[in-house]
Amino acid sequence: MKISERFINYTKFDTQSSDESTTVPSTAKQLVFAKYLKEELEREGLQEVEMDEMGYIYATLPSNIKEEVPTIGFIAHYDTAPDASGANIKARIVENYDGGDIELNPTMLYSPQQFPELLAHKGEDLIVTDGTTLLGADDKAGIAEIVQAMCYLRDHPEIKHGKIRVGFNPDEEIGKGAHHFNVEKFGCEWAYTMDGGDVGQLEYENFNAAGAKVLIHGVSVHPGYAKGKMVNASLLGMEFNSMLPQETPETTEGYEGFFHLIGVDSRCEEAKLSYIIRDHDRNKFEMRKQVMEACVKQMNEKYGTGTVELSMNDQYYNMKEKIDPNIHVIDLVLKAMEEADVKPLVQPIRGGTDGAQLSFKGLPCPNIFAGGVNFHGPYEFISIQVMEKAMQVIVNICQLTAQHKQ
């Protein structure tokens, strides 16, 4: 099976996760695809294939050498983002893209004037949507590349490799993909998530992340008789937000952190503000949380104790802290990309991956490109040639690891 056929087949399954759910996985439809994927791995001859009740899949490609070499793994998630529909995806291939507009449907053009990143793939075969759904390259492309690489190694025994583990999980898009990933069962010395963007991307730095919820208590009385009595929680919420440094996602880039107000539920009597806090630098991250606490303290000093309540929790940390002592896992990728004629693009993630949480669970796990572009919406696309390059990088990593001296 061609990698493009494998990927397009995966996109036919609706695996959208939900951040409103309390179940694991967050949507039952994810398990439908997980069961299919488990059966496919068995058909392709992988061993130790298992799926737990939460939809986490583990499998093994056995070593074909006698020497003891590190066991490594490759990981991808199968859920798609809540941002756009993942149902009834109609993927199609635009062969030998000519650099012009692509008609997704009669009323929707995909133009390089608006999306210049298309031009980097002129002459390649692109998989696109019909403009009504996302595509699902994030991260079914990663799954297709991993499975394709395992099949390639199975069919080419002349390529020597150690034991390779693969893992596929739900709910990455809602930040919970690594929560129930069994690192001990996975049994790897290090691993790679195939969940990056365009060709060459290699990421082993990500944000430190926290979530914060601010609850403001107001006093509601009839507005005609409100003088000296009313405390308008909505206005206090606006005041609170104005006290924070105006470092927001739309004003920052690169290593710059931010406070992001992601939601407001407000009326006179009560206001709820939801934030995410992000920074690559751990010290600056901690300072941002202290700023949030200081603003709450200042508001309570002004309006009375208990007027403003804050709940805050850390979500994940910068994996660089765990990768730097194991930098050989990066050196191997750089060499694998070189041998695949891929120019590395090493950059920080302005977000997080399952690999960040896994790294802090004892599994160093940087992130490699899967090839998708413009994730989470109807303009998502992926190049078949880039998928093939990603697959080759996986194969090269397996071969190089067999030569790695601990």
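Our structure is the block above this text.
A brief report on the enclosed structure follows. Just so we're clear, the structure is a prediction, and the values are computed from it rather than from any experiment.

Moving on to the packing of aromatic side chains. Remark: the centre distance and the inter-plane angle together describe each pair of aromatic rings, the angle taken between the planes. Within the structure shown, the criterion is met by 18 aromatic pairs. Where Tyr58 meets Phe181, the ring centres are 5.4 Å apart and the plane angle is 70 degrees; that geometry is what we call edge-to-face. Taken together, the positions of Tyr58 in strand β2 (residues 57-61) and Phe181 in the loop between β8 (164-169) and α4 (183-186) put the pair 123 residues apart, joining distant regions of the chain. Relative accessible area serves as the criterion here: at 3%, Phe181 is assigned to the buried category. Arranged with centres 5.0 Å apart and planes meeting at 80 degrees, the rings of Phe181 and Phe186 form a pair that is edge-to-face. Here Phe186 falls in the buried class, since its relative accessible area comes to 1%. By the ring-pair criterion, three or more aromatic residues cluster together here, those being Tyr10, Phe13, Phe33, Tyr36 and Tyr78. Sitting above the plane of the Phe33 ring, Lys140 keeps its charged end 5.4 Å from the centroid.

Turning our attention to the environment of Asn318. Relative to the helices and strands, Asn318 is located in the loop between β14 (308-316) and α7 (320-323). Look at Asn318 and you get buried, because its relative accessible area is 7%. Sequence separation of Asn318 and His180 is 138 residues, and the distance between their C-alpha atoms is 19 Å. Ignoring any residue separated from it by four or fewer positions in sequence, one finds Asn318 in contact with Tyr204, Glu205, Asn206, Phe207, Asn208, His280 and Phe360. One polar contact links the side chain of Asn318 to the main-chain carbonyl oxygen of His280, over a distance of 3.2 Å.

Let's shift gears to the pattern of salt bridges. Pairing between side chains of opposite charge can happen when their charged atoms approach one another. Throughout the structure, instances matching the rule amount to 20 salt bridges. With a closest N to O distance of 2.8 Å, Asp155 and Arg154 form a salt bridge. Note on Arg154: relative accessible area 35%, which makes it partly exposed. As a salt-bridge pair, Lys335 and Glu339 come within 4.0 Å of each other at their nearest N and O atoms. Of this pair, Lys335 and Glu339 both sit in helix α8 (residues 328-339), four residues apart, which is roughly one turn of the helix. Linked by salt bridges that have partners in common, Arg6, Glu40, Glu44, Arg154 and Asp155 make up one network.

Thresholds applied
Residues numbered from 1 in each chain as written. Predicted model: local features only at pLDDT ≥ 70, side-chain atom pairs only at ≥ 80, totals over all residues. Heavy atoms only, no water. Phe/Tyr/Trp six-rings, centres within 6.5 Å; stacked < 30°, edge-to-face > 60°. Helix = DSSP H or I, 4+ residues; strand = E, 2+ residues; numbered from the N terminus. Buried < 20%, exposed > 50% of the residue type's maximum accessible area, 1.4 Å probe, protein only. Lys NZ or Arg CZ within 6 Å of the ring centre and 35° of its normal. Contact = heavy atoms within 4.5 Å. Polar contact = N/O pair within 3.5 Å; in protein donor to acceptor, adjacent residues only side chain to side chain. Salt bridge = Lys/Arg side-chain N within 4 Å of Asp/Glu carboxyl O.

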